[in-house]
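Coordinate inspection notes
Each chain is listed here by its residues.
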Amino acid sequence: MREIVLKTHKLSKNYRSFTALDGVDMTVYRGDIYGLIGRNGAGKTTIMKIVTGLTEKSGGDFELFSKNREELGNERRRIGCLIENPAFFGGLTAYQNLNYYALQKGITDKKQIDEALALVNLTEVRNKKFRKFSLGMKQRLGVALAVMDNPDLIILDEPINGLDPIGISELRDIFKKLNTQKGITFIISSHILSELYMVATRFLFIDEGRILKEITKEELDLECMRCIAIKTNDTKRASVILEQNGIRDYKVIDETELRVYDNGAKPQELNKLLVQSDVNVSEVFETGISLEDYFKSLIEK
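This text gives an overview of the structure that appears in the document. (Residues numbered from 1 in each chain as written. Predicted model: local features only at pLDDT ≥ 70, side-chain atom pairs only at ≥ 80, totals over all residues. Heavy atoms only, no water.)

**Re the overall build of the chain**
Here is the rule we go by: Secondary structure elements follow DSSP: runs of H or I no shorter than four residues count as helices, runs of E no shorter than two count as strands, and numbering proceeds from the N terminus. Only protein chains enter the area calculation, which uses a 1.4 Å probe; residues under 20% of their type maximum are buried, those over 50% are exposed, and those in between are partly exposed. For this analysis, residues touch if any pair of their heavy atoms sits within 4.5 Å. Every accessible area reported is derived by Shrake-Rupley at a probe size of 1.4 Å, with residue values counting cover from the shown protein chains alone. For the purpose of counting charges, residues Lys and Arg are taken to be positive, whereas Asp and Glu are taken to be negative. His and the chain ends are not included. Lys charges are placed at NZ, Arg charges at CZ, Asp charges at CG and Glu charges at CD.
The secondary structure content of the chain amounts to ten helices and 14 strands. Principal-axis analysis of the C-alpha atoms places the extent of the chain at approximately 75 × 40 × 35 Å. Across the 301 residues in the chain, those meeting the buried criterion constitute 46%. A separation of at least 24 residues holds for 68% of the contacts in the chain among residues at least 6 apart in sequence. When the accessible surface of the chain is totalled, it reaches about 15,400 Å², and 46% of it is carbon and sulfur. Each charge class in the chain can be summarised by its mean position, and for the 44 positive and 44 negative side chains these summaries are 6 Å apart.

**Some words on the environment of T256**
Topologically, T256 is positioned in the loop between β12 (250-254) and β13 (257-260). Note on T256: relative accessible area 40%, which makes it partly exposed. Separated by 247 residues in sequence, T256 and H9 have C-alpha atoms that sit 30 Å apart. Filtering out sequence-adjacent residues up to four positions away, T256 remains in contact with I230, K231, T232 and T235.

**Observations regarding unusual backbone geometry**
Positive phi values are uncommon outside glycine, yet R16 reaches one of about 55°. Relative to the assigned elements, R16 resides in the loop between β1 (4-15) and β2 (18-29). In this structure, N121 takes a positive phi of about 60° despite not being glycine. Relative to the assigned elements, N121 resides in the loop between α3 (111-119) and α4 (135-147).

**Re helix α2 (residues 94-105)**
Since one α-helical turn is 3.6 residues long, residues separated by three or four positions face the same way. For clarity, the threshold we go by: The span expected for a helix works out to 1.5 Å for each residue beyond the first. Directions from the helix axis toward the C-beta atoms define the arc.
With twelve residues, α2 extends 17 Å between its outermost C-alpha atoms, agreeing within 8% with the 16 Å of an ideal straight helix rising 1.5 Å per residue. When α2 is considered as a whole, its buried residues turn out to be A94, Y95, N97, L98, Y101 and A102. Buried positions in α2, seen along its axis, are confined to an arc of 160° and lie on one side of it. More than 90 degrees from the buried face of α2, the exposed residues found are L103 and Q104. Those residues of α2 hidden inside the fold are in contact with α3 and α4. Remark: G106 follows α2 within two positions and exhibits a positive phi of approximately 80°.

**Digging into helix α5 (residues 165-182)**
Helix length check: α5 (18 residues) gives 25 Å between terminal C-alpha atoms against 26 Å at 1.5 Å per residue, within 8%. If you follow the buried residues of α5, they end up packed against β3 (33-37), α3, α4, β7 (153-157), β8 (185-190) and α6 (193-197). Backbone geometry just after α5 places G183 at a positive phi near 70°.

**Some words on the packing of aromatic side chains**
Cut-off, in case you're wondering: Here is the rule: rings of Phe, Tyr and Trp (six-membered ring for Trp) pair when centre to centre is within 6.5 Å. Planes less than 30 degrees apart are stacked, more than 60 are edge-to-face, and the remainder are tilted. Charges are assigned to positions over rings by a cutoff of 6 Å between ring centre and Lys NZ or Arg CZ, combined with an angular limit of 35 degrees from the ring normal.
All chains considered together, the criterion is met by ten aromatic pairs. Note on Y100 and Y101: the rings are 5.1 Å apart at their centroids and 85° apart in plane angle, and the pair reads as edge-to-face. For Y100, a relative accessible area of 33% gives the class partly exposed. Summarising the aromatic geometry, the rings of F205 and F295 are spaced 5.7 Å apart at their centres and angled 40° between planes, so their arrangement reads as tilted. Residue F205 is found in strand β9 (residues 202-207), and its partner F295 is found in helix α10 (residues 291-300); the two are separated by 90 residues along the sequence. According to the relative accessible area criterion, F295 is buried, its value standing at 10%. Through pairs of rings, three or more aromatic residues link up here, namely F88, F89, Y100, Y101, F130 and F133. Taking NZ or CZ as reference, K138 lies 5.3 Å from the ring centre of F130, over its face. A cation over an aromatic ring shows up here: K217 above the ring of Y197, its NZ or CZ 4.5 Å from the ring centre.

**Concerning the pairing of β1**
Which entries qualify depends on this criterion: Whether two strands pair depends on DSSP finding at least two bridges between them.
The pairing of β1 with β2 spans eight bridges and is antiparallel. Looking at the pairing, T8 lines up with M26 of β2. Here β1 runs beside strand β4 (residues 59-64); their pairing, made up of five bridges, is antiparallel. Within β4, the residue paired with L6 across the bridge is L64.

**Some thoughts on the side chain of S239**
Under the convention used in this document: Definition of a polar contact: a pair of N or O atoms within 3.5 Å, with one able to donate and the other able to accept a hydrogen when the atoms are protein atoms, and with sequence-neighbouring residues admitted only if both atoms are side-chain atoms.
With respect to the helices and strands, the residue S239 is situated in helix α8 (residues 235-244). Note on S239: relative accessible area 9%, which makes it buried. A polar contact of 2.7 Å, which involves the side chain of S239, links it to the backbone oxygen of T235. When residues no more than four places from it in sequence are discounted, the contact partners of S239 are Y250, V252 and L258.

Here is the structure:
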């Protein structure tokens, strides 16, 4: 059974008459790169701030590393975070900036600073002043700050915002390296699904403070993939008929729908096959949408 790093139960946050979070249930497992997807103001940052202690919840609860909020103690020390923009000093070098925060965090081993810079590929510019950094380098230095004290969980709020394609690719590679080589769990927020899709293993879709869907990457691929959807009141019998005719690449979605992913299948042929086998079919249609359209469809629902 996978270890749970973060679990929320009906987590809520109100600002006077405005509801930022409305009963959020989410689960993050060790080893996840967990993508929070939502429009600006959807509630992504609010979740991160509650978990990291930057703001208080209004209702519900959460557990972090199997400890509830009252038992957290030093558990938050196991979190590295980059929420909004870190306050770096323009006149200090990359190394000096990290050293400043190392003193605040009680880090005495200076090797941790060099290791953090190496992880984000900033060793060669360790003595360059921050004000001369590109936006991509500034973002990487923020990640170095988040990883400097060897956290088990890293929380990043819109880390790719404003970056060019090369900067996005560089950060993406860093996240994957930290996840696979260091075993670090990530929670990353973004409103750009196509970019987060390249790195995340699980997704949470949120809008106006409410959860729309929690889904794995494999499940997301299946829902967006080109397929033939079949609506029927007897998916069990329809499955038997499909297998008897050599069609095994399908999935039962629920009691009224199954989807066929066989590239050679044609809607009219499947319809004829099922009807002739006394299966009541109400709809047969081709489907398959882009990631952005999938997100839009969730919001519309």
